[in-house]
Every structure is written in structure tokens, then in C-alpha cells.
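Residue-level structural notes
Now for the letters of each chain:
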Amino acid sequence: MCSLKFKGKGGGFVNFKLRLQAWRMNRVFYTVTVLISTPSMRALFEQYRRAAYWYFTAMAVLSLLPFSPYNTVSIWLPLAFVLTLGIVRELWEDLRRGQGDQEVNNRPTLVHTGNGQFEEKRWKLLRVGDVVKVIDGEYFPADLLLLSSTGPEVTCYIDTKNLDGETNLKVRHALECTCTIGQKNGESVLGEFWATVRCDGPNASLYNFAGLMELPDGQVYPIGPPQILLRDSILQNTGSVYGVVIYTGHDTKVMRNSTPPPSKRSRVDCTLDKLIIAMFAILVALCITTGVTMVIQTKQEGSNAWYLQPGLSNPYFDPKNAATTGIVSSVNGLVLYGYLIPISLYVSLEVVRVLQALVMMVDIQMYDSATDKRFRIRSTSLNEELGQVDTILSDKTGTLTCNQMDFFKCSIAGVSYGKGATEVEASISRLGLSIGERVTQSCRRDVVEHSTTSNIHYRDTDHSVASTSEIEGPTHNPYKEEGFNFYDSRILAGNWVREKGRKEIQFFFRILALCHTAIPDGTPENPASMRYRAESPDEAALVVAAKQFGFYFYNRTPTTIYLRETHEPGAEPVNVKYQILNVLEFSSVRKRMSVIVRFPDGILLLLSKGADSVILERLDPQNQGFVSETIKHLKDYSKVGLRTLLIAYKVIQEHEYQTWQVRFAEAKATLGREREIRTDEVAEEIERGLTIVGGTGVEDKLQAGVPETIHRLACAGLKIWVLTGDKVETAINIGYACRLLRHGMENLIISLESNETFTIKENSERNHLSRDDASKALKDLVARKITDALELVTVSNSNPRMAETGDLEARSGNPNSCRGSQMTKFSPISQVDKFGWAECLKAVDETSPDTQVEYALTIDGQSLVFIMADVDLRDQFLRVCMSCASVLCCRVSPRQKAQVTKLVCKGLEKSRLCLAIGDGANDVGMIQAANVGVGIIGVEGAQAAMTADYAIGQFRFLERLLLVHGHWCYRRVSVMIQYFFYKVSLLGWISFYSNIEAHFSGQPLFNDWYASFYNPVFTALPIMVVAVIDQDVTAAQSLKYPELYRAGQRSELFNIKTSCLWLLNSWYCSMIIFFFPVLMLGPCAFRSDGQVGAHQDFGQAMFTGIILVPNLQVFLSIQYFTWIHHIAIWGSILSWYLFILVFGSLPPKLSTVAYKEFSEVLAPAISYWLLQLLVVIASLLPDFACRSYKWIFQPTNCQIVLELARLQVAADQRPDHHLL
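This one's a predicted model, so the numbers in the text were calculated from it and none came from an experiment.

Quick word on the overall build of the protein
Counting its regular elements, the protein contains 40 helices and 38 strands. Surface accessibility of the protein: about 51,600 Å² in total, with carbon and sulfur atoms responsible for 57%.

Below, the structure is given as C-alpha cells:
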């Protein structure tokens, strides 16, 4: 609790806590600790969070020792280069943040200085208690308490999309005691106004605020969210407002919510860490071997080791102290063999990931022209994760659907109105299905309801089309507009006045026009142009429907709603004013909203709308009316994919309202978190004894391409979960419409909306059981269903995803089937030419007999509550889900979404990855909890997109993001990392061999500058080009054969086995590169004067092989060549020759043993060029032979696809290709 006293001209402060806050100012900036006070030091600290950099620095420090085998500069320079690149990147990002902070901190605002005068100040100079004036279109500079507004009824409209992602305008109104400030000449009143405000301390809750304003005369006024203007929200459609600063700077709610996203590391990075540890172990082993060997050698030779100069009293070689000599040799070897750890890999990996991100961002196929939104990337460190996703958790509304609601059907007084087929009905009909009564069968113990068709039956396709056309309305609905797609001639065009229940119809649509918090945006005289800014698209659709039926909402104030009503066809509209006494707002807990309205005739009515499960519990048992008919209609609406609400009312007596209003005012005056609890409790009292008027059905259409996208993702082996707040029936039918549920799939249903649940509740009431006993009975029911489901999927062993195979998935004749069990083994590619293109294509297209069954699981939120509270149930639930191809979680809250996501991530562990995708603020927890988060820039704002790792405009772009870019990035990064270890291992092995050749003296065979430029210059560019633009298959082939994606799921390209093969290959190549020069140049005359090859001759000739082999090895990893590949490879090789020419021409003091070595010794010698040719052939031939053998006899999926493409091209060029 904190308090402040403020006067219009400035703030006086009461307690210590707020005094500190006042002097903190309003400045927002990124800081670090005192020890890391500068951006450069902070950036350096970020670099050393990687353990590998500590190793590199230790090696550089060891190079300072006198017995170091390498020049100190040649070791420190690469380390400094790598650190500099990393620091520059960090500073660049920090500079971008700093520029944004400075721009915000220096924004101007008007601050009251006394006597009604305002002067301009920067945001960062604001203090608690300052009175500011904000003009229309400006951001609020701090968290303000609204004092007054120039808007009608002292109200203002604010846009909070920067806070919660919601795009609708919200109404704020001032307290009665401050509303005169700013009215006419009221600015002069500011200097005389005095009040004390007591409120909560700074907190992160955007939607809660509890405070009191005390005036000098003792009057106390409660302050709540309707009086608070949060920083970074925008004033809209209001001339100006006056407010007093409550929270500033980091104490504002927006800054309290700006916590950094959780740190996410890719699975490739984790494997990379293990590989580096393994390489370090090898390095330590080599060093120990060197030290032990040196100890043995020193004991045996003693002072006879003339090459170590023992006679000069070499302090690092003492024949009498072999242990010291061994330690020195080990440390010497640590520097000499240190190239086994790739210092430049981290920087190269970061650069590559950024370039990969740029390639994805410019992909025109992921550009949403409808919303002008491009693909965005917030975290480039997870690019390769996109190619390894195992499970997708998706929101429904706004993610799979458009979140553009249309009023479609309604039930009034027990009569259903509205004709036409929803998009779900049409989609199911196209699949050859029909909506029918649910057919459920009982599996073991009759607990788990499962059916291959749920409430959908297969029927003749032609018949389905005919049936659909019969129920469709006119082709062109003349009444259709945004938010309204209703057609029923019985009540449209004023025909409702002829209906038997005309009074109920009139009352129904009047409730829709009054029970909301929408704000009109348009000209009252032009109803067609009027748009409504509502808290949700559903609410706006209901207001539009009321307008279509003659109840036109055109204006509102905090206490009044104005309607223009047309009571008879052709009659003049009548303006009617309704007094709004209270608004009981919607929340995810209440699942309903109500308004208390005084009608023009003085009658008080409570009008409510909400979920059927909530409204039904609050009905008047003595006035059931047409409840059963309405519930039946709403169930039918749910089956065709509509979002339903119940509409109800209650007549309130004046004395009842006055008594309740006193308690409600007391609850609102409560401070702290108790306010929300008490207000809900008091609201619950008056929302009892309701009477149903009817129900609504609103359609939210699927986004374009959603069914096709889900189908391909399922074929790629991805499990897809949908987490929605819809009913079970609605979710199931939408699941069929979007191909989440497919024909032949057994749907296991675990729901507490069943007969068993009602029986348990009846028994509890009859036997007067406690709430805990009833809850335990429900938990046992859920446990029994989970156990039966687990037994069913385990006994049948039907999990289509558990089998590991590299074969392409067969295509069945039914386009809706996509079973992981339908795999066919393709014959060796060597037989392609033997059998011909037609036979090979047929082999891939034919479907093997399907004897396995896919399972789907549908579960509701009530069951999840019990599951999440019990460890054993969580484990069983997760095992069931892992055996199902699709999972539908219905009636779930935002909190449950995050809980389920964390459970899935924990259950998948490190072997599989989870991706979450959503579009709204309620999906943020789910997105941040997943291994990879994807946000959709949709109707609900950009908060999900801002917190996600990746952001797309439509769900259908997820297909290309994963199957194309994810597949490419995973392969590219995998090849790059393993290639890096391959090439550094070459240098490490050869350094070890050279030390053996030098009798462990630590004398390298080549100039240390060669090794310094080896990674960053001579061999870096080719593999980086491969890692950015190489494609094993084209984008079209990735989408045509989604099974190619499974290689990433199984980590086929980057694992311990493949890494060991690369290291084994590097060991073999190092043997060739080292011993070929020894054998060819050692025993014969090499120089022009007849001398044998010298030390520097061996070194430079050998290092040429170290350059040629890894650069040409890249050719074997490339699937298709471009001119960029050739420039990178041949340019890198050319850079080596240019370097040794230029470096060799430097004075001997700088070039040392490289002085004119190439131009005068190596280049004129034919044996040197012959040696390089033999080294390259001998090094690459085994790898080439192994790859060719696997291509022919053990082809991967990608190789099969490439071969089929080649054969298709060849077949198209043959005259008889039409026979195929």
C-alpha cells in the first residue's frame, strides 16, 4: 500500500516508499550491475557466458609462456577478432535498444506548473504527483489517474494494443469529484485542488487497480481500472485529458510486464556442447600422451637429446627432472593441438543464422498480402529447431480461424432462426461426411467414449452436396455485412413483427443492443458506415445483428446507451435512451457479462449473456420456460462449428437494487487483491434467478489453406494439438473440417460432460456428500477413463509415429488419409534404370495394406484440472497423448494452455521438440513455454507475435516455415557444425603427428600464421555459403513429400554417430595429408640444387593439402551448385596461394620460414603439384565411394526424391513419356 498527496501544481509525498519513487523519475533504460557498468564490458561479459571462450582465452594466456610453440600474436589475433565480432553485435543490439529508449524518454508532455499554466517537459523528468495534460493521439507518459476529460460525460477512449494486444478501444471515466477540472475555465481549478490518493504498490497486473481518493472534507472515492490510464496506451477520439502521475519509470505496469523471454537453446546447440566436451577430452588425452611419452623419452635419452639443447641449460628441458619436462611438454601440446576446438565456429554460426533469417524474411511465399504482414524473426538461434519439431500446440480462434465473427443463427423463445450451411458443414460435406447424431461406442469398462466418426457419418458424396444445397440460403445474401451473415426470411426485413413470438424477438435483439461494452465508430446518421470497437469480435457481431433487426446502437456515455429503434416495417425510427447503472464485466473466470439497465419506463432489468454452462447454473428454477429447446438448438449450432452464447434477463426490484448497490460500492472500495474477489461475490448475488430469452450462434471461419496445411504437417509426422475454449462438439467438428481428425481415426473422448458425471453429482446431492468427496469421485472417473485409454492404445500398439523408418510415406487413393504406418520400402536406385520410371513411381505411390489404426484424443478443461493436480495422472495422460496423432483440448483457460505446454515439453524431454502457435495475449504463456514459439499477427493484436520467436501472418505459412525453411536450416546447420569439426580436427591431428615427428619437442612444421588464418579465411566461406543457400531438395519437393521432414525429427543428420563418422574421416584425411609428403619429399632430392626437402618445404606443402582437402570436401556435401558455390570454393583456395605469395615476399623477420618458399621452391617443383593431386584424390575417394554406395543401395528419402525428379525430367524428354 502506498499513498500520495498531490496538489494541482505539484506533488507532496506522504510515505518513504513513494518518496523514493518520486525521485526515481520516469526514465527507462537498460542497465547492468556496478561491476559491469559500460556497454562494452557488458557485451564482453555476454561473450564469456560461453564456456568455450574461457578455453580459448586460457590457450592465449599459455601462448605467452616462453616455451609456447606459436607466436603470441598469432594466437591472440584470432581470439580478439572473434570477440570483437561478438562484442560489435552486442553493442549494435544495445545501441538499437538505447536509441529506442532515448526516443521514448525524451518524448514531450505538458505538465501543470500552477495557475492553470502548462509547460513542456520530457517523459524522463516526470515525478509522482505531477499533473499532466495529454492530447488526442498521444501516448500516456506514465501510469495516470484520470482527473478529467473533454469527452462526453467526462469519458475518454484509449487504445491498449501495445499492452495486451487488443485492438478494441476501451472507455475510461473520471471520478465525480474531479470531473470539473478542465471543463471550460477549469484549468485554474488545478492550482487549488488537493487530495490524498492511497493505492497498491507498483505491480504487474494490467487489469487490476485498487485505490481510494480522500478529499480534505473527508469524502472518500474508490478508484479502479476505469480511472487508470496506463503508460504506452494511446488516447483516441478524445480532445484531451488531465491526469496525475501514479507510477513512473520502471514502476509502471508496462515495464513491470516487460520481463525478458525465457532463454531457449536449440537441440543442436546442446549436441554441440557435448561434441566440444568430447573434443576437449581428446585434446587432454593427446596432451597427457605427449607428456607421458616425453617423460619416458627423457629418462631413456637424457642428455643425448641434443635437439632440445640440454647443454645450454634449457630450463624447460632438464634431463635430470623428467617430470618437469613432461609437464612442460603437456602444456606445450595443449597450445599446439588447441585447434581441435573451433574458435570461429560460434561466430560463424551466429552469422549464418542471421543470414538464414534474412533469407526467410524475404521469402515472398510467406508474405500476407491481405494484411501487408511479412514474416518476422525475433530469435535467430532457433532456426534449426524449425526442422526438428515433433508436436504442434495450436490455439483455434484467430489461429486456425479468421477471428472475424459473423452472426449466423439464433434461438428465440424456443424457435431456431437462420438458414444456410456453415463453412464447417461445407468442408465436412466435401470430405464425404455428414453431420448426424453422435454415435459412441464403449471401449473397455465402458468409460472411454470413442468412435471412428464421433458425431459424423460417411455418406454418398453426391447426396451430401444435394443436402447441403437444400439448407443453403440465397447465393448472394443482400443483408450480409461485416459481422452479419444471417439469412432467414421469417424475421428479416421487419418480418419478425408477424411472428408469433414477436415480443420475445424484440426483447432478444434489444438485449443484444444493450448488453455490451462496445464503442460506436462512425456517423450516427449513416448506419451502414457504423463500425463497433468491442472487446471481442463476437460482441461486435451481436451488436451488428441488433442493428440489422431495428435496434441501432449509435452512441454511449458511461451511464447511458442511445438506441434508434424501428418497431414496425416502414415506421420512423425512435431514439431511445437507456440508463446503464452497472456493468459486470466479462472475465475468463466469470465467463459471462451483465449490465443493469433502467428502461425508459423506470423498470430495472439485469441483462446477461455468457457460456451455457455458466448461465444454466443461475436460472430461476421456477421459470424454466423454453430452456430445453434452446439448449438443443445451441448443441446443434455447436455441431456445425458455431460459437454459442445464452441470453438471459432478470427483473430487479428497486429496493433490492439499492441494497445490493451499497454492498457493491463497499466491495469496490476495498483495497488490494480482495477487491476483485469481493466484487465477483457481490455480482454473483444479483446474477441469480435468470430467465432465458434465447441463444446465439456466431461463425468464425477457417483461415484459407488450414485443412491442407494440417494434412501435410500430419504427413510429415507432426502431432498436432488444438487447445480451445470451445465445447467438445464444436471442437470435434472443426477438427474434421480442418483435417485434424480424419476418416478411420479412433477418437477417444475424456469429458466430464457425460452421463457418469451427472450421476455422480446427483448422488452427491442425494447423499449430502461434501464438495471434497464429490470432487474425489469425479477424479476417480477421470482416472478410470485415462487408464482405459492407455490400455486401449497400448494393447493395439497402433501408434503411427513410434516406428522409426527412413522410407517415404505412401500416398493412398484417399486424399484424406495420412497414416504414419503406410510406408513403402523403395528399391535401390540402381534398379531404377532397370525397371524404368513408371515402375519406380508406382512403387512410391502404391499403398501397403493398412492394419493399424490412428488414435485421436479429445479432453475437456474440467478433466485437465484433475489431471494437472496428480502426478500419476499426468504421466498416464502424457503416455496416451504420445500415442495419439491428434489431441483436442476443449474448454481450456489460458493458464491451462501454458500448463499443458509445459507438460508436453517436459514429457518430450530433449529427444523431441514442441512448437506452440497462437495469436492473442492469452496465448503468450503457451508460446513462451514451448521450445519454439510462433505468433500470428492477427486481429487480436501483436502481443503474441511480439513475444514469439517467429511471427507469421497466416497459419498456412507454418507449413512452409517448417517443411521448407525448417528442413533446410536443420540440414545446413548440421552440415556446417560437423564440417567445422572435420576441418579443425585435420589441423589438430596433423599437429600431433608433427610433434611426434619432432620427437615431442613442440616445434611446428608450418608457420603459425597459416594456422591463424586457416579457419577464418582459408576455409570459412565455402561452408558458410552452404549453410545459407544450399538446398538438398527444392521447396516444391519439400511440400510434395512432407515425409522428408522426419529426418530432422529423428536427428538423422546431426548426432553422435554422424559426428564420429566425420571425425573418423578427418583422421583418415589427416593421415593422407601428413604422410604423403613425408613419403614423397623425404627420400629424394626436392630442391633445384639437389637438396632434400627441408622443414619449411614439408610444412607448406602439407598445409596446402590442409587447405585443398576441406575446401573440395564441400563439393561432396552440396546437392546443387550455383556460381556462388564455385566462387566461394575456388576463391578460398586462391586466397591461400595469394597469401603465401604475399606473405612470402615480406622480409624474413616477418615471414620467417615462409620467405619466398612458394615462389622459389614449391611452385617450380612438379612433384609439389603431383603431390597435391594425389593427396586430394586419396583423401576424398573413400568418402565419395561411401556416399555413392549409400545413394545406390541405401538411399535416404531426399536421395529418392532427387532421383525421381531426375527420372521425371528424363522421361519428359523421351518421345514415349506419355506411356508413363
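Quick notes on the packing of helix H34 (residues 1056–1081) against helix H39 (residues 1166–1193)
One can describe the packing of H34 onto H39 by two numbers: an axis separation of 10 Å at closest approach and a directional angle of 155°. Relative to H39, the element H34 is oriented roughly antiparallel. Of the two elements, H34 crosses H39, and the hand of that crossing is right-handed. Here Trp-1062, Asn-1065, Tyr-1068, Cys-1069, Ile-1072, Ile-1073, Phe-1076, Pro-1077, Met-1080 and Leu-1081 of H34 lie close against H39, whose contacting residues are Ser-1167, Leu-1171, Leu-1174, Val-1175, Ala-1178, Ser-1179, Pro-1182, Asp-1183 and Arg-1187. Each residue belonging to the contact of H34 with H39 can be placed in one class, and the counts come to 14 nonpolar, three polar and two charged.

Topic: the UniProt feature "active site" (unreviewed entry) in the protein
As recorded in UniProt, the sites labelled "active site" (unreviewed entry) are Asp-395. With respect to the element layout, Asp-395 can be found in strand E16 (residues 389–395). Residue Asp-395 is classed as buried on the basis of its relative accessible area of 5%. Sequence-distant contacts of Asp-395, that is, excluding residues within four places in its chain, are made with Leu-400, Leu-723, Lys-897, Ile-917, Gly-918, Asp-919, Asp-923 and Met-926. Polar side-chain contacts of Asp-395 include one of 2.9 Å to the side chain of Lys-897.

Quick notes on the environment of Leu-1134
Counting through the fold element by element, Leu-1134 comes out in helix H36 (residues 1123–1144). Note on Leu-1134: relative accessible area 49%, which makes it partly exposed. Along the sequence, Leu-1134 and Phe-1018 sit 116 residues apart, while their C-alpha atoms lie 8.8 Å from each other.

Focus on the confidence of the model for the protein
Overall, the predicted model of the protein reaches an average pLDDT of 78, with 79% of residues at or above 70. Taken together, the stretch residues 7–37 has pLDDT below 50 and engages in 84 contacts with residues farther than four places along the chain or on a different chain. Scored below 50 in pLDDT, residues 798–817 shows 68 contacts in the model against residues more than four places distant or in partner chains.

Thoughts on helix H15 (residues 627–639)
The end-to-end C-alpha distance of H15, which contains 13 residues, comes to 18 Å, matching closely the 18 Å that a straight helix rising 1.5 Å per residue would cover. Turning to H15, its buried residues are Val-627, Thr-630, Ile-631, His-633, Leu-634, Tyr-637, Ser-638 and Lys-639.

Observations concerning helix H25 (residues 871–882)
Taking 1.5 Å as the rise per residue, H25 with 12 residues should run 16 Å; its terminal C-alpha atoms sit 17 Å apart, in good agreement. Among the residues of H25, those classed as buried are Leu-873, Phe-877, Leu-878, Val-880, Cys-881 and Met-882. Regarding H25, its N-cap is Asp-870, as a side-chain oxygen of that residue lies 3.0 Å from the backbone nitrogen of Asp-872 further along.

What about the packing of helix H24 (residues 861–868) against H25?
Between H24 and H25, whose axes approach to 7 Å, the crossing angle comes to 120°. One finds that H24 runs oblique with respect to H25. On H25, the residues touching Leu-864, Phe-866, Ile-867 and Met-868 of H24 are Leu-873, Arg-874 and Phe-877. Here the residues of the contact of H24 with H25 sort into six nonpolar, no polar and one charged.

Some remarks on a nonpolar patch on the surface
A cluster of nonpolar side chains, Val-351, Val-354, Leu-355, Leu-358, Met-361 and Val-362, forms an exposed patch at the surface whose accessible area comes to about 470 Å². Tracing the sequence through the fold places Met-361 in helix H9 (residues 345–361). Met-361 gets classed as partly exposed once you look at its relative accessible area, which sits at 33%.

Concerning the nonpolar core
Of all hydrophobic cores here, the largest spans 96 residues; its most connected members are Ile-977, Phe-981, Tyr-1010, Phe-1103 and Trp-1136. In terms of residues, this core owes the most to one element, helix H29 (residues 957–997), which gives 15 residues. Built from parts of two domains, this core gets at least three residues from each of domain 2 (36–105) and domain 4 (959–1212). Contact partners of Phe-1103, with chain neighbours within four places excluded, come to Leu-987, Phe-1006, Tyr-1010, Ala-1011, Tyr-1014 and Trp-1136.

Observations regarding the sheet that holds strand E5 (residues 131–135)
Taken together, six strands build an open sheet; the order of strands is E4-E3-E5-E14-E6-E12 and the sheet is antiparallel. Each end of this open sheet is capped by a strand with a single partner; those strands are strand E4 (117–122) and strand E12 (228–229). Bridge count between strand E6 (residues 143–149) and E12: two bridges; the pairing is antiparallel. Bridge pairing in E12 links Leu-144 to Leu-229.

Focus on the pairing of strand E36 (residues 913–918)
Within E36, six of the six residues are buried, leaving the element largely enclosed by the surrounding structure. Every second residue of E36 is oriented toward a common face, with Leu-913, Leu-915 and Ile-917 on one face and Cys-914, Ala-916 and Gly-918 on the other, all of them buried. Judged from the five bridges that link them, E16 and E36 form a sheet pairing that is parallel. Opposite Leu-393, over in E36, you have Ala-916 as the bridge partner.

Side note on the sheet that holds strand E7 (residues 155–159)
Pairing between sheet strands relies on hydrogen bonds along the backbone, with the strands arranged either parallel or antiparallel. With respect to topology, three strands assemble into an open sheet ordered E8-E7-E13, the strand pairing being antiparallel. Two strands in the sheet have a free side with no partner beyond their single neighbour: strand E8 (169–173) and strand E13 (234–236). Adjacent strand axes in the sheet meet at a mean angle of 45° when their direction is disregarded. Relative to E13, E7 runs antiparallel, the two sharing three bridges. Counterpart to Asp-159 in the pairing with E13 is Ile-234.

A word on unusual backbone geometry
Of note in this structure, Ala-413 is not a glycine but carries a positive phi near 55°. Relative to the helices and strands, Ala-413 resides in the loop between strand E17 (401–412) and strand E18 (415–417).

Focus on the side chain of Arg-556
If you trace the backbone, Arg-556 turns up in strand E25 (residues 551–557). Glu-539 is the oppositely charged side chain nearest to the buried, salt-bridge-free Arg-556, at an N-O distance of 7.0 Å. One polar contact links the side chain of Arg-556 to the main-chain carbonyl oxygen of His-516, over a distance of 3.4 Å. Within the structure, the side chain of Arg-556 is placed 2.9 Å from the backbone oxygen of Ala-518, a separation counted as a polar contact. Contacts of Arg-556, omitting those with residues within four sequence positions, involve Tyr-157, His-516, Thr-517, Ala-518, Pro-520, Ile-561 and Tyr-562.

A few points about the pairing of E7
For E7, the tally of buried residues reaches five of five residues, placing the bulk of the element in the interior. Residues Thr-155, Tyr-157 and Asp-159 of E7 are buried on one face, and the alternating residues Cys-156 and Ile-158, pointing to the opposite face, are buried as well. Here E7 runs beside E8; their pairing, made up of five bridges, is antiparallel. Within E8, the position partnered with Asp-159 by the bridge is Leu-169.

Some words on the pattern of salt bridges
One pass over the structure, following the stated rule, counts 32 salt bridges. A salt bridge links Arg-618 to Glu-617; the shortest N-O distance between them is 3.4 Å. What makes Arg-618 buried here is its relative accessible area of 9%. Put simply, Glu-684 and Arg-618 hold a salt bridge, and the shortest N to O gap is 3.0 Å. Of this pair, Glu-684 sits in helix H17 (residues 674–686) while Arg-618 sits in the loop between helix H14 (612–616) and H15, and the two are 66 residues apart along the sequence. Arg-618 matches Glu-684 in its accessibility class, with the two residues each being buried.

Quick notes on the rules
All chains use their own residue numbering, which begins from 1 and follows the written sequence. With pLDDT at 70 or above as the cut-off, local features in this predicted model cover only qualifying residues; side-chain atom pairs require 80 or more to be listed or tallied, and sums for whole chains, interfaces and linings still use all residues. No hydrogens and no water enter the side-chain calculation; it runs on all heavy atoms of the structure. Labels follow the DSSP assignment, with helices taken as runs of H or I lasting at least four residues and strands as runs of E lasting at least two, numbered in each case from the N terminus. For accessible areas, the Shrake-Rupley method is used with a probe of radius 1.4 Å. Any residue's cover is judged against the shown protein chains and nothing else. The axes are straight lines fitted to the C-alpha atoms, using for helices just the contacting stretch, and the angles between their N-to-C directions are given from 0 to 180°. The scheme is simple: roughly parallel for angles under 35 degrees, roughly antiparallel for over 145, roughly perpendicular for 65 to 115, oblique for anything else. It is the rotation of the near helix from the far one that decides the hand of a crossing: anticlockwise by less than a right angle makes it left-handed, clockwise makes it right-handed. Contacts are assigned to residue pairs with any non-hydrogen atoms lying within 4.5 Å of each other. Under the scheme applied here, ten amino acids are nonpolar (Ala, Val, Leu, Ile, Met, Phe, Trp, Tyr, Cys and Pro), four are charged (Asp, Glu, Lys and Arg), and all others, including Gly, are polar. UniProt positions are given in the numbering used here, feature names are shortened, and annotations may be inferred rather than shown by experiment. Accessibility here uses a 1.4 Å probe with only protein chains present; expressed as a share of the type maximum, an area under 20% marks a residue as buried, one over 50% as exposed, and anything in between as partly exposed. In protein, a polar contact requires one atom able to donate a hydrogen and another able to accept it; more generally it is a pair of N or O atoms within 3.5 Å, and residues adjacent in sequence count only if both atoms are side-chain atoms. Values of pLDDT, which run from 0 to 100, indicate the predictor's confidence residue by residue. In a helix, the anticipated span is given by 1.5 Å times the number of residues less one. Exposure above 30% relative accessible area and the absence of a salt bridge qualify a residue for a patch, where like charges join within 9 Å and nonpolar side chains (Val, Leu, Ile, Met, Phe, Trp, Tyr) within 5 Å. The salt bridge definition used is simple: a Lys or Arg side-chain nitrogen within 4 Å of an Asp or Glu carboxyl oxygen. To qualify as a nonpolar core, a set must consist of buried Ala, Val, Leu, Ile, Met, Phe, Trp, Tyr and Cys residues joined through side-chain atoms within 4.5 Å. Marked domain ranges trace back to an automatic or database domain assignment. At least two DSSP bridges between two strands are required for those strands to pair. Charge assignment: positive for Lys and Arg, negative for Asp and Glu; neither His nor the chain ends contribute.

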